[in-house]
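This is what each chain is made of:
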Amino acid sequence: MKTTKDSLWSKVINTCPDPPRAWHVWESLAATAAAPRLSNTTEEQARVLATLFSASQALGPLLIANPQWLELLELENLRHPRRIQGLRQEIAASLEPLLAARNYDAGFSGLRRFKQAQMLRIAARDLARLGNTTEILQEISDVADVCLEFVWRSCWQQFNERFGQPHHQDPGGRWQPTAGGVLGLGKLGGQELNYNSDVDLIFVYSEEGQVFKERPTTDNAPASALSNHQFFNRLAEAFIAEVSRLTEDGTLFRIDVRLRPEGATGPLYRSLASYENYYSQWGQTWERMMLIKARGVAGDNSLVAEFLEMIQPFRFPRSVNPNVLREIAAMKTRIERELLDVEALERNVKLGRGGIREIEFIAQARQLIYAGQIPFLQSAQTLPCLAKLVQYHLLEERDARELPAAYLFLRDVEHRLQMDEHRQTHTIPQDRRAQERLARLMGFATWETFESTRQAHCGNVRRVFDEMFRGEDSPPDSPFPQGFDGTEAKWKTVLTRYWFQDADNSFRALKEFMEGPGFGHVSVRTLELARNLLPQFLGLCRTDNGQSEALMLPPKTLSDPDRVLTRLNRFIAVYGARAALFELWHNHPNFFELLLLLFDRSEFLAEALIRSPGLLDDLVYGGRLALRKSAPKILDDLRHGLRDVDQYVWLRRYHESELTRLGLRDILGLADFEQNLEELSALADACLQYALEVVMRRHQLKTPPFVIIGLGKLGGNEINYGSDLDIVFVADVPPPELPPLQRLAAEIMDLVSRRTDQGITFQTDARLRPDGDNGPLVNSLTASAEYYLKRAQLWELQSLTRTRPVAGDLELGARFQQLAAQMTNFSRVEAEVSSARVNDTGREATLMLPVSATRDWKRRIHEMRRRIEKERTRAGQDELAIKTGKGGLMDAEFIAQALCLEQGWQEAHTLRALERAAAVGLLPDAEKLLENYRQLRRVESILRRWSYAGETVLPHDPAPYYRVAVRCGFAAPATFRATLAQWRSAVREVYEVFFQPDGS
């Protein structure tokens, strides 16, 4: 074979971009079995090979090691692109039999060689200009797709053989197979992959469930060693390891999974519901942009389609944050500052000024803003998107010509840079020889001509980028001092203007919030985010001068910004991830507001959240704040802990989490105060029922031994923060069987009420039972009837107007309710007392009325109310006692209970009883009473929500009294005090008319 200068090869190689490199590869290849094929090469074929040898130090040795691949580089094999269907057929023919035979190692080895051969072929087509840039991007992406598909199916098959098949239950309780899928992001998702790109992936499975070796049935599920979550995360680890494994046959691809929710700290695989919750609650602008290019690359196609449909409103929102352009500009600025040095900015064709990333940002910014309204813009690929943008007049004609031209040019440059040493680089070399080779590979005679063209393209891109994002990367003007050093006096003036009471301490706390605690590094981005959050914080503070006594405040005004700021710093310190937390608050300002309001509105909820900051993630990330749970739903949740060793810990932790959720719903106005009481009551009901079930399980009881009756606020479904649970236990057994039940009742109360390191769940109170503390915890229904008939005092009968079965034997509970209805129906007192026989036995036999049901019962109740008012209200502090004081809550409650006795109603809920009386004309000035009673109830709820101590007395000290006033919407304590007096005066007026119609 000729190798002299006058040979064909001498002629071709000496005119290629890098003759010495090409000669070296050709001579080495000529010494292999490929020599005969080389000797018959045409000039056109020789030029293709010479260019390939010049372009890459990596591809030449690959061909030398595999001379049989020279056949792939024949012109007939290069003139047309290979379609993905053909690639799949080749995989099916050569590798599927290995998969069927479970020869996985051979299959993976063959796959790596397949990938190398195809990349060699594609590079030759590219360098010979036998395929345009768009075709080359598509082919590289198709090769990646078929490789990832094969590895995923292989791993899936191995895991099914080893662990079994993952399943989940459908709404009907039937077990269904659980699907998994893999989605490509970035250049893989957009089918714009480079020769040496990482492949960005995320993984999804359909539902949570269990893995079974055998198909489970509705009635029988075999033992499971793994949950779906564990199975799929192990599967992802195995998949990633195999795809990125470096072997003698090379590697397939480097995988990057850092774009998944929570980045490197998040699970590799998530369920559909988990993704939905994350993106709806926590998703950021960069994640919207990232998901624009999401595309299924392996796994179940139906699942992938469902995932894409689920994220559609997130990645293409109907409306976006008006600061989205500023955020995108800031991303690009951070890339330039943090990833590149100044000199490299001008040489990096991807991340530098006027580079590929700026073209992508231009397209994706327009997609974020408009694609939710214009579906035709919803493209994962950059060039088609640019074409659509000009079609919809969102891009100038000139820009629509220059940007695609720049994109194709820069992608070509990027490809030739990466071919050389088969490494991920985007930077123009500084070595003159390498520069000249690059210019010639790009079709330019000289480096200077190439560089001039590149600079022109980059200049066009930068011009469009600057026009779109002009000024967006600059922070808006701030009315606050720029730093803290030397500006202490200015900051204290600002803090005082926003009603901070201790400017000295709050200045130090604000400095910590903005700049960190003084140890460790706080990034420039985090400092920027803190400065952006400050206006939102101060926007919830007062700014008036306090001179207007009648001023009403917005409902979200902070009452104690000093304390809120201190708690905020404590929460950040415990949470730990300052940067991530600030990013979250920046992208979801409603979460930040939620936290500020919680720290201001409830001391006990604030402390609970600081102790367990994960509670907030669970509530917000899990989407649980929007839920209105019934007692049965809460009970279902609680039953997940039935097998826990320490039931005290489980019950208290669940109660704390649920109480925090209900408190946040209350604070945010997601539930009004009446609904909040019902939800708190549902929590109490469920905890009592759960405690009963735990005790029954402990004693191996199959049916409830008694019913638990709720009285007072529990009976009326009006449990408030810090309310005790008034309960009695009633059984339907003979007296000899009652003693063992006493211990069961005591265990239930102990489980709910014992104080532990985790606190208590609810304080239970059984003193309203027959004979009070002197009576047994559990009474029979018969004994209860005898007691209420013969020995109960009037106040005990009054308490029976507010009863409700809450747990246990509800059929027995209904019978108790019948008894309570009979004992509290005083509508027949007058008639039956008048017709009663004189002797006591005859009276009892005729009336069957409690002995306390005398004609003067209403007067006696009124006297009881006056005694409470006198004995339970501290001297000189009547205006603070919103429950027991004159015109307080108890006035309305006594009216409601007297109405139920008088009319024979069973209506345990105070407001419902008053509304019922108003509807039938039994209540004088009904609207006046209802309106003002509701106002007092709201104040009580706000007061009790703060401390969870069952408070119904306003604070005496001016500072806490002011804070309560602000939480109730009043700017001035005097206005609040006067308004309270008006509400209570109106309630007392109706009370006096009801109980003293004759004016006595």
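Residues numbered from 1 in each chain as written. Predicted model: local features only at pLDDT ≥ 70, side-chain atom pairs only at ≥ 80, totals over all residues. Heavy atoms only, no water.

### So, the overall build of the protein
And then number 1: Assigned secondary structure in the protein consists of 46 helices and 13 strands.
And then number 2: Scaling as 2.2 N^0.38, a compact globule of 1000 residues should have a C-alpha radius of gyration of about 30 Å, whereas the protein reaches 39 Å, well beyond that.
And then number 3: Along the three orthogonal principal directions, the C-alpha set of the protein runs to about 140 × 70 × 50 Å.
And then number 4: Evaluated residue by residue, the protein yields a buried proportion of 57% over its 1000 residues.
And then number 5: Within the protein, contacts between residues separated by at least 24 positions form 71% of all contacts whose residues are at least 6 apart in sequence.
And then number 6: Summed over all atoms, the accessible surface of the protein reaches about 42,600 Å², with 50% contributed by carbon and sulfur.
And then number 7: Taking the average place of the 124 positive charges on the side chains of the protein and the average place of its 132 negative ones, the gap between the two points comes to 1 Å. (Helix = DSSP H or I, 4+ residues; strand = E, 2+ residues; numbered from the N terminus. Rg over C-alpha atoms; globule rule 2.2 N^0.38 Å. Buried < 20%, exposed > 50% of the residue type's maximum accessible area, 1.4 Å probe, protein only. Contact = heavy atoms within 4.5 Å. Areas by Shrake-Rupley, 256 points an atom, 1.4 Å probe, with all protein chains shown as cover. Lys, Arg positive; Asp, Glu negative; His and termini not counted. Charge placed at Lys NZ, Arg CZ, Asp CG, Glu CD.)

### Here we look at unusual backbone geometry
And then number 1: One non-glycine residue, Arg102, adopts positive backbone phi at about 60°.
And then number 2: Of note in this structure, His393 is not a glycine but carries a positive phi near 60°.
And then number 3: Note on placement: His393 falls in the loop between helix 19 (382-391) and helix 20 (397-421).
And then number 4: Using a relative accessible area of 72% as the deciding quantity, one classes His393 as exposed.

### Comments concerning the packing of aromatic side chains
And then number 1: Counted under the stated rule, the structure contains 46 aromatic pairs.
And then number 2: Measuring from centroid to centroid gives 5.1 Å for Tyr275 and Phe307, while their planes differ by 85°, and the two rings are edge-to-face. Placement of the pair is Tyr275 in helix 13 (residues 272-282) and Phe307 in helix 15 (residues 301-315), with a sequence separation of 32 residues. The two residues Tyr275 and Phe307 agree in class, both being buried.
And then number 3: Measuring from ring centre to ring centre gives 5.3 Å for Phe826 and Trp857, while their planes differ by 80°; the resulting arrangement is edge-to-face. (Phe/Tyr/Trp six-rings, centres within 6.5 Å; stacked < 30°, edge-to-face > 60°.)

### Looking at a negative patch on the surface
And then number 1: A surface patch of negative charge is lined by Glu207, Glu208, Glu306 and Glu309.
And then number 2: Tracing the backbone shows Glu208 in the loop between strand 4 (199-205) and strand 5 (210-212).
And then number 3: A relative accessible area of 44% places Glu208 in the partly exposed class. (Patch = residues over 30% accessible without salt bridge, like charges linked within 9 Å, V, L, I, M, F, W, Y side chains within 5 Å. Salt bridge = Lys/Arg side-chain N within 4 Å of Asp/Glu carboxyl O.)

### Notes on the sheet that holds strand 1 (residues 165-169)
And then number 1: Pairing within the open sheet is antiparallel, and its three strands lie in the order 2-1-5. The open sheet terminates on both sides in strands that have one partner only, identified here as strand 2 (175-177) and strand 5. Along the sheet, successive strands turn relative to each other by an average axial angle of 45°, direction set aside.
And then number 2: Across three bridges, the pairing between strand 1 and strand 5 is antiparallel. Bridge pairing in strand 5 places His167 opposite Gln210. (Pairing = 2+ DSSP bridges. Axes fitted to C-alpha atoms, helices over the stretch in contact; angles between N-to-C directions.)

### Let's talk about the environment of Trp156
And then number 1: When you line up the elements, Trp156 lands in helix 10 (residues 133-163).
And then number 2: Expressed as a C-alpha distance, the spacing of Trp156 and Phe239, which sit 83 residues apart in the sequence, is 8.8 Å.
And then number 3: In this structure Trp156 touches Gln165, Pro166, Thr178, Phe231, Phe232 and Leu235, once residues within four positions along its chain are discounted.

### A look at the side chain of Ser154
And then number 1: Structurally, Ser154 can be placed in helix 10.
And then number 2: Given the relative accessible area of 1%, Ser154 is considered buried.
And then number 3: At a separation of 2.8 Å, a polar atom in the side chain of Ser154 contacts the main-chain carbonyl oxygen of Phe150.
And then number 4: With near-sequence residues (within four places) excluded, Ser154 lies in contact with Leu99, Tyr104 and Phe108. (Polar contact = N/O pair within 3.5 Å; in protein donor to acceptor, adjacent residues only side chain to side chain.)

### Looking at the nonpolar core
And then number 1: Counting residues in hydrophobic clusters, the biggest one holds 93 residues, and the most contacted among them are Phe513, Phe537, Leu568, Trp585, Phe599 and Phe706.
And then number 2: No other element matches helix 33 (residues 673-698), which puts 13 residues into this core.
And then number 3: Setting aside chain neighbours within four positions, we find Phe599 in contact with Val564, Arg567, Leu568, Phe571, Ala606, Leu609, Ile610 and Trp946.
And then number 4: Residues Ala117, Ile140, Tyr195 and Val199 belong to the second largest nonpolar core, which totals 83 residues. (Core = buried A, V, L, I, M, F, W, Y, C linked by side-chain atoms within 4.5 Å.)

### Things to note about helix 44 (residues 926-947)
And then number 1: Helix length check: helix 44, at 22 residues, gives a terminal C-alpha distance of 32 Å against a target of 32 Å (1.5 Å per residue), a fit within 8%.
And then number 2: Across the 22 residues of helix 44, 16 count as buried, placing the element largely inside the fold.
And then number 3: Phi turns positive one or two residues past the end of helix 44, at Tyr948, with a value near 55°. (Expected span 1.5 Å × (residues − 1).)

### With respect to the pairing of strand 9 (residues 707-711)
And then number 1: Among the five residues in strand 9, five count as buried, and that is most of the element.
And then number 2: Of the two faces of strand 9, the one lined by Val707, Ile709 and Leu711 and the one lined by Ile708 and Gly710 are each fully buried.
And then number 3: Sheet topology places strand 9 next to strand 10 (residues 725-731); five bridges connect them, and they run antiparallel. Within strand 10, the residue paired with Gly710 across the bridge is Ile727.
And then number 4: As paired strands, strand 9 and strand 13 (residues 804-808) are joined by four bridges and run antiparallel to one another. Residue pairing in the sheet places Ile708 in a bridge with Ala807 of strand 13.

### Topic: helix 38 (residues 810-823)
And then number 1: Between its first and last C-alpha, helix 38 extends 19 Å over 14 residues, near the 20 Å set by a 1.5 Å rise per residue.
And then number 2: Among all positions of helix 38, only Leu812, Gly813, Phe816, Gln817, Leu819, Ala820 and Met823 are buried. Seen from one end, helix 38 has its buried residues packed into an arc of 160°, which puts them on one side. Along helix 38, exposed side chains directed more than 90 degrees from the buried face belong to Glu811 and Gln818.
And then number 3: Tucked inside the fold, the buried residues of helix 38 contact strand 9, strand 10, helix 36 (781-790), helix 37 (794-799) and strand 13.
And then number 4: Sitting at the head of helix 38, Asp809 places a side-chain oxygen 3.2 Å from the backbone nitrogen of Glu811. (Arc of directions from axis to C-beta.)

### Some remarks on the pattern of salt bridges
And then number 1: Under the definition given, this model contains 83 salt bridges.
And then number 2: When the shortest N-O distance is used, the salt bridge between Arg462 and Glu358 registers 2.1 Å. One end of the pair, Arg462, is in helix 22 (residues 447-469); the other, Glu358, is in helix 18 (residues 356-370), with 104 residues separating them in the sequence.
And then number 3: A relative accessible area of 0% places Glu358 in the buried class.
And then number 4: Asp504 is paired through a salt bridge with Lys492; the nearest N and O atoms lie 2.5 Å apart.

### Looking at the packing of helix 42 (residues 889-903) against helix 43 (residues 910-919)
And then number 1: Between helix 42 and helix 43, the least distance of the axes is 9 Å, while the angle of their chain directions is 60°. Where helix 42 crosses over helix 43, the two elements pack in a sense that is left-handed. On helix 43, the residues touching Ala892, Glu893, Ile895, Ala896, Leu899 and Cys900 of helix 42 are Thr910, Ala913, Leu914 and Ala917.
And then number 2: Of the residues that constitute the contact of helix 42 with helix 43, the class distribution is eight nonpolar, one polar and one charged. (Left-handed = near helix turned anticlockwise from the far one by under 90°. Nonpolar A, V, L, I, M, F, W, Y, C, P; charged D, E, K, R; others polar.)

### Brief notes about the pairing of strand 1
And then number 1: Direction of pairing for strand 1 relative to strand 2: antiparallel, over a ladder of three bridges. Looking at strand 2, one finds that His167 is bridged to Pro177.
And then number 2: Hairpin connection from strand 1 to strand 2: five residues lie between these consecutive antiparallel strands, with Gly173 at a positive phi of about 85°.

### So, the confidence of the model for the protein
And then number 1: With 93% of its residues at a pLDDT of 70 or more, the protein shows a mean pLDDT of 87.
And then number 2: A low-confidence stretch, residues 1-6 (pLDDT under 50), is modelled with 13 contacts involving residues beyond four sequence positions or located in other chains.
And then number 3: Below pLDDT 50 for its whole length, residues 836-847 participates in 13 contacts with residues either more than four positions away or in separate chains. (pLDDT = per-residue confidence, 0-100.)

### A few points about the environment of Gln817
And then number 1: Summarising the element assignment, Gln817 is placed in helix 38.
And then number 2: Sequence-wise, Gln817 and Phe571 are 246 residues apart; in three dimensions their C-alpha atoms are separated by 48 Å.
And then number 3: When neighbours within four sequence positions are excluded, Gln817 is seen to be in contact with Thr803, Arg804, Pro805 and Gln906.

### Section: the environment of Ala434
And then number 1: Among the structural elements, Ala434 can be located in helix 21 (residues 432-441).
And then number 2: Judged by relative accessible area, which is 14%, Ala434 ranks as buried.
And then number 3: C-alpha of Ala434 to C-alpha of Ile335: the two residues are 99 residues apart in sequence and 26 Å apart in space.

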